[in-house]
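Chain and residue survey
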Amino acid sequence: MARAGVRGAAVLWTGGPALLLLSTAVAITIGPADIAVGNVVAVVAEHIGLGESGLSPIRDGIVWDLRLPRTLLAAVCGAGLGMCGVIMQSLLRNPLADPFVLGISSGASTGAVLVVILGIGSGAVSLSAGAFLGALCSFALVLLLSHAVGGTTDRVILAGVAAMQLFSSLTSFIVMSSANAEQTRGVLFWLLGSLSGTSWFHVGLCASVLGAVLLVCAAKATALDAFTFGHDAAASLGVSVARTRLLLLVVTALLTATLVSAAGAIGFVGLVLPHIARAIVGPGHRRLLPSTALAGAVFLVWVDTAARTVLTPQELPVGVVTSLIGVPVFVFILYRSRKVR
Amino acid sequence: MSLRAENVSWRAGGRMIVDGISLEPRPGSTIGLLGPNGSGKSTLLRLLAGVCATSSGVVSLDGTPLEKLSRTAIARRVAVVEQHATTEIDMSVLDVVRLGRIPHRRAWSAPSAADDSAVRAAIEYTRLEDKVAQSWHTLSGGERQRVQIARALAQEPRELLLDEPTNHLDIQHQLELLALVTRIPVTSVIALHDLNLAAMFCDHLVVLEEGRAVAAGTPARILTEELIAEVYNVRAIVTPDGPDGRPSVRFLPHEHSPGHTAALRS
């Protein structure tokens, strides 16, 4: 049993990143402008100071300024949302928990839209700050509501539905009452979850937050395992429950908020990917967290590629595609958990 | 010396749930906590496990108060089995038993050889060898409790706290489980409902009523008709017919006053 574990870890740690790298490189080549994997490698090499790509400035721009940051942000968002899903499913002991389903993403959207429309502060940092406050508000609301109504699996989800409705209508209210037509179209597109118009700044911001959260998660992976049978069981296995829970919930809200402020509310990634990863590597969080992150990254890279190319020249918001995939999975998990109990 | 409670109390909403209880189990012995629902058995176990802090009084391990010890240090000594563990996550038996190694593992490291051998020993002790790959959700209630005990053993505790571990089991599995628990060479404190099981398997009983310990001693001394009438408000006949002459309890139906019966009929 130990040998299989070692081999599994080796496959995960080499195969996973290799698959992600390959997916990213290939996804960048797909689109109206004809670009080969070799070109992508050459452009990257040129920009980090290793030789000349020999590509025209326009095609260089397509790779370096448009497709590369977009694809990288897709990978970061996929990884981050997947990890948020794992953490929330463990802490709330709920297989349906996900930042989108529980309304955290909606809260972040409201905060971000408020910043955009009212013009508070400027730039992406204040957008992220607004999204973070919104995410914390809705998270607090969901926890309070679900605690007040009993805290069972179904009730946490219902509390999430309530929060999602509340914050979506708040967002609509803000948009309808104070945005002009141009702003409205931009905001709506972004609300559905979209990776178009990604800049390197967003990639850097989201990747740094993701990196920090990964470090926290690595330190807390065994503590997350301890929550399998509930809070008391976790405490009797040596976990400081209140402190660990608070830390991980805040970290989740922060990551969700940063991702939402960059790419809008992309739903169901955090719901679907943890289940797929769990089926492959088992329930232990030391493997589950990194493999969900890798699977989420690969998943969103391809879903975004599909979203921007399937209906060329029109572009679908990526959140629409993830929801089309996620809702049937949500129903399936609901159906299966009915049989489990 | 081992686990020891001195005059511990726990208050909630202005009410004393546990009120000045002292407990000093002899190492290796099995202590039964008896008492009606709401008498404070579960809360006392939570205080002993350090899961919640005492309002007053001290729980100590080898003379060190629990609040001076880290949660991890406590979890390496004291393991807990709850009455009804549930999870939504698809776990194999092996996954569940491995949870017991959490207090022994450091944050970044993979399971060590010591972890593997403790898990294997726990599985062998509880005779779960042919079930390791089976899913938790396909187990019967008795098997689930056996797996939880294996998980607790993987913690390599010296004290084992069990909160009504036989509650959802049929009588065969109740007997099997308690035989297993008392065979384990650790100090056990078990909250129990069934007086006959308590008499059969415990070395020492403590009876709780409204948070206070109203009696403590060997089963033969504690389980008397008077005490059962006083604490549980039922009539019973106690005879020394249990194994090794331990007390055996037979309950009698409630006495109805004629007036009461008449009122029911009308």
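Rules used throughout
Residues numbered from 1 in each chain as written. Chains lettered and ligands numbered in written order. Predicted model: local features only at pLDDT ≥ 70, side-chain atom pairs only at ≥ 80, totals over all residues. Heavy atoms only, no water. Domains from an automatic or database assignment. Contact = heavy atoms within 4.5 Å. Buried area = accessible area lost by both parts, 1.4 Å probe. Salt bridge = Lys/Arg side-chain N within 4 Å of Asp/Glu carboxyl O. Polar contact = N/O pair within 3.5 Å; in protein donor to acceptor, adjacent residues only side chain to side chain. Helix = DSSP H or I, 4+ residues; strand = E, 2+ residues; numbered from the N terminus. Nonpolar A, V, L, I, M, F, W, Y, C, P; charged D, E, K, R; others polar. UniProt positions renumbered as here; feature names shortened; annotations may be inferred. Pairing = 2+ DSSP bridges. Buried < 20%, exposed > 50% of the residue type's maximum accessible area, 1.4 Å probe, protein only.

1. A short note on the domain arrangement of chain B
All names here are of chain B. The domains assigned to chain B are domain 1 (1-77 + 157-218) and domain 2 (88-154). The gap between the C-alpha centroids of domain 1 and domain 2 is 23 Å. Domain 1 puts 15 residues into the contact, and the matching count from domain 2 is twelve residues. Across the interface of domain 1 and domain 2, roughly 1,200 Å² is buried in total on both sides, 70% from carbon and sulfur atoms. Considering only the side of domain 1, the residues that lose the most area to domain 2 are Arg76, Leu180 and Arg183, jointly responsible for 34% of the buried surface there. Counting across the domain 1 and domain 2 interface gives zero salt bridges. Where domain 1 touches domain 2, the interface holds three residue pairs in polar contact (both at pLDDT 80 or more). Mapped onto the side of domain 1 that touches domain 2, the elements with two or more residues apiece are α2 (71-77), β7 (159-163) and α6 (171-183). Take the side of domain 1 that touches domain 2: its biggest share by element is five residues, from α6. For the side of domain 1 that touches domain 2, the residue count by class is eleven nonpolar, two polar and two charged.

2. Notes on the UniProt feature "transmembrane region" (unreviewed entry) in chain A
Residues and elements named next belong to chain A. The UniProt feature table records "transmembrane region" (unreviewed entry) at residues 72-92, 99-121, 127-145, 157-179, 199-217, 248-276 and 316-335. Taken end to end, residues 199-217 comprises 95% helix and 0% strand; its first and last C-alpha atoms sit 27 Å apart. A distance of 29 Å separates the end C-alpha atoms of residues 316-335, which is 90% helix and 0% strand.

3. Some words on the sheet that holds strand β5 (residues 64-65) of chain B
Residues and elements named next belong to chain B. Pairing in this open sheet of four strands is antiparallel, and the strands run β2-β1-β4-β5 from one edge to the other. The strands lining the two open edges of the sheet, one partner per strand, are β2 (15-23) and β5. Where strand β4 (residues 56-61) and β5 come together, two bridges link them in antiparallel fashion. Looking at the pairing, serine 60 lines up with proline 65 of β5.

4. Section: unusual backbone geometry
Non-glycine residue phenylalanine 268 of chain A carries a positive phi angle of around 75°. Within the secondary structure, phenylalanine 268 of chain A is located in the loop between α10 (241-263) and α11 (269-281). Overall, the relative accessible area of 11% leaves phenylalanine 268 of chain A in the buried class. The phi dihedral of glutamate 156 of chain B is positive, around 50°, even though this residue is not glycine.

5. Some details on the interface of chain B and chain A
At the interface, 35 residues of chain B touch 27 residues of chain A. Summed over both partners, the interface of chain B with chain A comes to about 2,700 Å²; 61% of that surface belongs to carbon and sulfur atoms. Connecting chain B to chain A are one salt bridge. One salt bridge in this structure joins aspartate 232 of chain A and arginine 46 of chain B, with 2.1 Å as the shortest N-O distance. Viewed at the interface, chain A and chain B are joined by five residue pairs in polar contact (both at pLDDT 80 or more). Within the residue set of the side of chain B that touches chain A, elements represented by two or more residues are α2, β6 (78-81), α3 (93-99) and α5 (141-154) of chain B. Per-element accounting of the side of chain B that touches chain A gives the leading share, five residues, to α3 of chain B. Here the side of chain B that touches chain A is composed, by residue class, of 17 nonpolar, eight polar and ten charged.

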